[in-house]
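# Breakdown of the fold
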Amino acid sequence: MTVSGLTIIKRASNLVFKEFRENKSLLFQIIGISFLCAILKHIQSSFGGNVSEIAFYVCYMLIIVLIIASFTNITTISINAINKLTSFMEIIIPTLIALMIGMGNISTVIAMQPIILTLISIISVIVSKLVIPIIVTSTILNLIGNISKQVNVESLSKFMKKTVMYVLEFVMIIFLGLLSLEGSLASNVDGITAKVAKTAVSNVVPVVGKLISDATDSVIGAVSITKNAVGIIGMLTIVMIVAGPILKAFVCMTFFNLSSAICDTIADERISKSMSTVAESIKHIFGILIMVLFLFIIAITLMIKMSNFSLMYR
């Protein structure tokens, strides 16, 4: 393993431990309140059933406040990360397009530029304005439903989460399908056009035709190397932008699952169920961040691949 690889692993580990340190107080607070709630429940005979239930509601509301504060922080960080990814893609894509034009991939640029920029904007809007708000609403409904058995919103919450999954699957299919189809057709056209032009220059222009053709190949090769380097740097930057929010979501998801397991043994099952609900919602946000990360990486990879594919015809 190289030094750079060790550095990346070390920084990732430091980031994970940092998140653990920042969230351990939340874990202790939730467990402490749950333990207090359990004590009040076991001595309810001294106070009466109504007093015990009121004490539970007080403890539950305190836990809900802690949960919502942490969950809101995660959703805000995730939305900001997606917006940063979108802004960066709006910078890196035109740069790659300019280099592709330098390679003569005119058809690929004409076909892919409007599609890829539009799809990136649509994904950002759908995820930040539709998908994550639906997850937040579903989580709040579940937390409200846990207050009393008479409030039943579980079916509505499940429907909302299924809707989120269907929307994400549809977005992935459209994104990957359109990019692959348009890029493949356009790169074939560019490759054939470049080959015909190269042959014409070599045969029609006297004396220096072959030299011009070879010099053009050298320039295109240099531009291709530059474009590949820019693409790799772009992919690394994307990973760096979203790595922090992904690790934070993973750590918080782990903490809430741990809190749920501990509270299940000492406190009311409604508290444990609330922990599981939030952990499940954070898992969805974690998956969304991973999905957006890979979609944007695939977009850059396809652009590099399609422009390189046209070189095969030369």
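Up top is the structure.
Glancing now at the packing of aromatic side chains. Evaluation of the coordinates by the stated rule reveals 1 aromatic pair. For the ring pair F250 and F286, a centre distance of 6.2 Å and an interplane angle of 45° mean the geometry is tilted. Placement of the pair is F250 in helix α6 (residues 209-266) and F286 in helix α7 (residues 269-309), with a sequence separation of 36 residues. When its relative accessible area of 38% is taken as the criterion, F250 is described as partly exposed.

This part covers the nonpolar core. Ranked by internal contacts, the top residues of the largest apolar core, which has 70 residues, are M89, L179, I238, F256, I282, I288 and F296. Listed by contribution, the elements that provide at least two residues to this core are α1 (3-42), α3 (49-102), α4 (106-145), α5 (154-204), α6 and α7. If one sorts the elements of this core by residue count, α7 sits on top with 19 residues. Apart from the residues lying within four places of it in its own chain, the contact partners of I238 are L85, F88, M89, L293, F296, I297 and I300.

Moving on: the pattern of salt bridges. This model, assessed by the stated rule, comprises 1 salt bridge. The partner of E280 in a salt bridge is K283, with the nearest N and O atoms 3.5 Å apart. Taken together, the positions of E280 and K283, both in helix α7 and 3 residues apart, correspond to about one turn of that helix. A residue is classified by how much of its surface remains accessible, and K283, at 41% relative accessible area, is partly exposed.

Scoring rules and cut-offs
Throughout this document, residue positions are counted from 1 along each chain, in the order its sequence is written. The predicted origin of the model limits local features to residues at a pLDDT of at least 70 and limits the giving and counting of side-chain atom pairs to 80 or more, whereas totals for whole chains, interfaces and linings rest on all residues. Hydrogens are left out, water is left out, and the side-chain values use all remaining heavy atoms of the structure. Only the six-membered ring of Trp is used, alongside the rings of Phe and Tyr, when aromatic pairs are assigned; centres must lie within 6.5 Å, and planes under 30 degrees apart are stacked while those over 60 apart are edge-to-face, with the rest tilted. For the purposes of this entry, the term helix denotes a DSSP run of H or I that reaches at least four residues, the term strand denotes a run of E that reaches at least two, and both are numbered from the N terminus. Throughout this description, buried means an accessible area under 20% of the type-specific maximum (1.4 Å probe, protein chains only), exposed means over 50%, and partly exposed covers the range between. Buried residues of nine kinds, namely Ala, Val, Leu, Ile, Met, Phe, Trp, Tyr and Cys, make up a nonpolar core once their side-chain atoms join them within 4.5 Å. Note on definitions: a residue-residue contact is assigned when non-hydrogen atoms from the two residues lie within 4.5 Å. Any carboxyl oxygen of Asp or Glu that lies within 4 Å of a side-chain nitrogen of Lys or Arg is treated as forming a salt bridge with it.

So far we have only geometry, and geometry alone does not tell us how the molecule works.
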